[in-house]
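# Residue-level structural notes
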Amino acid sequence: MSKLLQIILVSSLLVSCLIGNFNNLFSATSNNTSNNFNLTVNTANQAAQMPLMIISLGKLDERMSRLTDQVSRDLELSGQFSIQVQEGHPEITSVSELKKLSQQQFPLAIFLNFNSADKSEIEWRLYDTVNAKMLAGKKVYYHNLKLKAVAHELAQQVWLELTGTVGCFKTVIAACKRYKKPNGKFGQQIYALHVTDGLNSSVAHQHKQIVSAPTANFAPRWHATKPVLYYAQQTVRNVRLMSLDSAYKNKIVADFDGLNLTPAFAQDGKIALTLSWQGKERLCSYKYQNHKAQFESLTGPDIDALSPKFMDNNRILFCAINHKNMPRIAIYDLRTSDLDYITDHKYAVSPDYCAVTQKIIYCKKVDGVQQIFVCQLQQNGLVNNHKQLTFSKGDKDNCNWSPCGNYIIYSDEFNNQSRIGLYNCLTNKTQYLTPAGEHWSFPNWSPVYMEIPFI
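Reading guide: rules and limits
Residues numbered from 1 in each chain as written. Predicted model: local features only at pLDDT ≥ 70, side-chain atom pairs only at ≥ 80, totals over all residues. Heavy atoms only, no water. Helix = DSSP H or I, 4+ residues; strand = E, 2+ residues; numbered from the N terminus. Contact = heavy atoms within 4.5 Å. Areas by Shrake-Rupley, 256 points an atom, 1.4 Å probe, with all protein chains shown as cover. Phe/Tyr/Trp six-rings, centres within 6.5 Å; stacked < 30°, edge-to-face > 60°. Buried < 20%, exposed > 50% of the residue type's maximum accessible area, 1.4 Å probe, protein only. Expected span 1.5 Å × (residues − 1). Pairing = 2+ DSSP bridges. Axes fitted to C-alpha atoms, helices over the stretch in contact; angles between N-to-C directions. Polar contact = N/O pair within 3.5 Å; in protein donor to acceptor, adjacent residues only side chain to side chain. Core = buried A, V, L, I, M, F, W, Y, C linked by side-chain atoms within 4.5 Å. pLDDT = per-residue confidence, 0-100. Salt bridge = Lys/Arg side-chain N within 4 Å of Asp/Glu carboxyl O.

So, on to the overall build of the chain. Within the chain one finds 6 helices and 31 strands. Look at the contacts in the chain between residues 6 or more apart in sequence, and 46% of them connect residues 24 or more apart. For the chain, the exposed surface amounts to about 21200 Å²; the carbon and sulfur share of it is 47%.

Structure follows, in structure tokens:
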């Protein structure tokens, strides 16, 4: 089921002829197990969204309405689904009622039901209405969870069944917002936001402040496996590296003279970060042994190293700046100590890597304006197919993948304002998560954690 549905989602092959005879366009066959679902879609000239019905089994009250609204916004984020919500009754899962949904041009339906007296759990079931077959179903418990968190969990599970890929609904974005102090100087605070809240006009701009120290707080980075946020904080003598856990407890991580910046985390526990060392910003490895932090410089005095990102347990992607102050994108191999450049001698910064798609993004100047580029990592370790993604007038910076690889967030600065942009790799369209007239920067997308921190 999942691979074939994913082809439909990515290719957007359901078209305007859906308005006509839907069953002639879309055919489905089911094997003995409900998990096997094969779709055949005829190619047509114009792409359209996949119709999907969400039905509450029982009264569509205020609680269920809020739940279905959030689930709908999550599943519609990709631009591949068109969702309709309605109130149903228990008999609606019968063969005859499912066939009616198919005739109404809804090949898929999700049924939701609070199936306990205290509404402490909700059950969802995904149906193929063409063959009147249940494809998947689970229960979501939420004794200690907010309703919105339950909706994100539910959407995450459904998305996996629909596409065979992990979604980004159980994630959070950290970003920095600049403000003006009473003395006329600027400070910068860090906020947490969910991607769908930023796109929802009814709740937009109600992002949650999580770091409010009255100074410049910037460059947030998420831990790879646990819900901890790291960020840089300016002090009177240096820029120190701080951490913030999900209980809102702050800690000083690195407080050396100069800059202490942007840690990167590998899945096997390796840590790298940028530290000032003998007049240069060095890419350093970090280990904690015998109750003491140990740092080893990986790069030498010929370059400044910024914005590291582990591609796997041994390769680190980063921005290397030479003595002519020209930044390029490079990869450092911990096994061989080799340093390879993947961009030419033109201004390129803010690299990020997606393990799902094995693609690298970065920001490169084109005619004096920073634009986002993407390139593909090959099995032989080489990188090719560099492609420009954005073309608007604003300077793009701090581009960052969603964990699913379907979206890119970045800062877009133009005319003394800066907004957080969202680029949809499935539709090649851009939307904004923050309002015009403000100054936002350094967006960073978290991994998928067991629970969503801060929001």
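Attention now moves to the packing of aromatic side chains. Under the criterion given, the structure shown has 14 aromatic pairs. With a centroid separation of 5.2 Å and an interplanar angle of 90°, the aromatic rings of Phe111 and Tyr127 are classed as edge-to-face. In this pair, Phe111 sits in strand β5 (residues 108–114) while Tyr127 sits in strand β6 (residues 121–128), placing the two residues 16 residues apart along the sequence. For the pair Phe111 and Tyr127, a shared accessibility class is recorded, and that class is buried. Both rings, one in Tyr230 and one in Phe265, keep their centres 5.0 Å apart while their planes meet at 40°; by these two values the pair is tilted.

Attention now moves to helix α3 (residues 62–75). Under the 1.5 Å per step criterion, the end-to-end length of α3 is 20 Å for 14 residues, consistent within 8% with the ideal 20 Å. Met64, Leu67, Thr68, Gln70, Val71, Ser72, Arg73, Asp74 and Leu75 are the residues of α3 that are buried. Looking at the buried residues of α3, the elements they touch are β3 (50–57), β4 (81–88), β5, β6, α5 (147–163) and α6 (195–199).

Residues other than glycine seldom take positive phi values, yet Gln105 does so here, at roughly 75°. Of note, Gln105 is situated in the loop between α4 (95–103) and β5. Relative accessible area serves as the criterion here: at 23%, Gln105 is assigned to the partly exposed category. Here the phi dihedral of Asn416 falls at roughly 65°; this positive angle occurs in a residue that is not glycine. Positionally, Asn416 belongs in the loop between β28 (407–414) and β29 (417–424).

Whenever strands of a sheet pair, they do so through backbone hydrogen bonds, lying parallel or antiparallel. Here we have 4 strands laid out as an open sheet, ordered β23-β24-β25-β26, and antiparallel in their pairing. Looking at the sheet topology across the chains shown, the edges are occupied by β23 (348–354) and β26 (383–388). With strand direction ignored, the average angle separating the axes of adjacent strands in the sheet is 25°. Direction of pairing for β23 relative to strand β24 (residues 359–366): antiparallel, over a ladder of 5 bridges. Pairing of Cys354 across the sheet is with Lys359, part of β24.

Moving on, we get to the side chain of Asn238. For Asn238, the location among the structural elements is in strand β13 (residues 238–245). The class for Asn238 is buried, based on a relative accessible area of 5%. Engagement of the side chain of Asn238 in a polar contact is seen with the backbone oxygen of Phe256, the distance being 2.7 Å. Ignoring sequence-local partners within four residues, the contact set of Asn238 consists of Gln233, Asp255, Phe256, Asp257, Gly258 and Asn260.

In globular proteins that are soluble, nonpolar side chains generally tend to be buried together. Leu67, Leu75, Ile110, Leu112, Ile122 and Trp124 are the most contacted members of the largest nonpolar core, which has 44 residues in total. Examining the composition of this core, we find that 8 residues originate from one element, α5, more than from any other. Other than its neighbours up to four places away in sequence, Ile122 contacts Met64, Leu67, Leu112, Asn113, Phe114, Asn115, Lys138, Lys139, Val140, Tyr142, Val150 and Leu154. Ranked by size, the runner-up nonpolar core spans 21 residues in total, among them Cys176, Ala192, Trp222 and Met242.

Okay, the sheet that holds strand β22 (residues 339–341) next. On the basis of which strands lie adjacent, the open sheet formed by 4 strands has the order β19-β20-β21-β22 and antiparallel pairing. Since the sheet does not close on itself, it has two edges, and those belong to β19 (304–310) and β22, each with one partner. Taking each pair of neighbouring strands and ignoring which way they run, the sheet shows an average axis angle of 30°. Inspection of the sheet shows strand β20 (residues 315–321) paired to strand β21 (residues 327–333) by 7 bridges, in the antiparallel sense. Each residue of the ladder has a partner; that of Ile321, found in β21, is Pro327.

As a further point, take the confidence of the model for the chain. With 88% of its residues at a pLDDT of 70 or more, the chain shows a mean pLDDT of 87. Contacts for the low-pLDDT stretch residues 6–46, under 50 throughout, to residues beyond four places or in other chains number 89 contacts.

With that settled, the discussion passes to the pairing of strand β11 (residues 217–222). With 6 of 6 residues buried, β11 lies mostly within the body of the structure. As defined by bridge partners, β11 adjoins strand β12 (residues 228–234) across 4 bridges and the pair is classed as antiparallel. By the bridge assignment for β12, Phe218 is matched with Ala232.

Within this structure, the stated rule accounts for 16 salt bridges. Asp257 serves as the salt-bridge partner of Arg237, at 3.0 Å between the closest nitrogen and oxygen. Taken together, the residues span a long stretch of sequence, with Arg237 in the loop between β12 and β13 and Asp257 in the loop between β14 (250–254) and β15 (258–265) at a distance of 20 residues. On the basis of relative accessibility, which here comes to 47%, the residue Arg237 falls in the partly exposed class. Of the residues examined, Asp257 reaches a relative accessible area of 58% and is grouped as exposed. Salt-bridge contacts for Asp352 lead to Lys309; the nearest nitrogen and oxygen are separated by 3.6 Å. Residue Asp352 is found in strand β23, and its partner Lys309 is found in strand β19; the two are separated by 43 residues along the sequence. Among the residues examined, Asp352 registers a relative accessible area of 4% and is labelled buried. With a relative accessible area of 29%, Lys309 lands in the partly exposed category. Salt bridges linked by common partners bring Asp69, Arg73, Lys148 and Asp197 together as one network.

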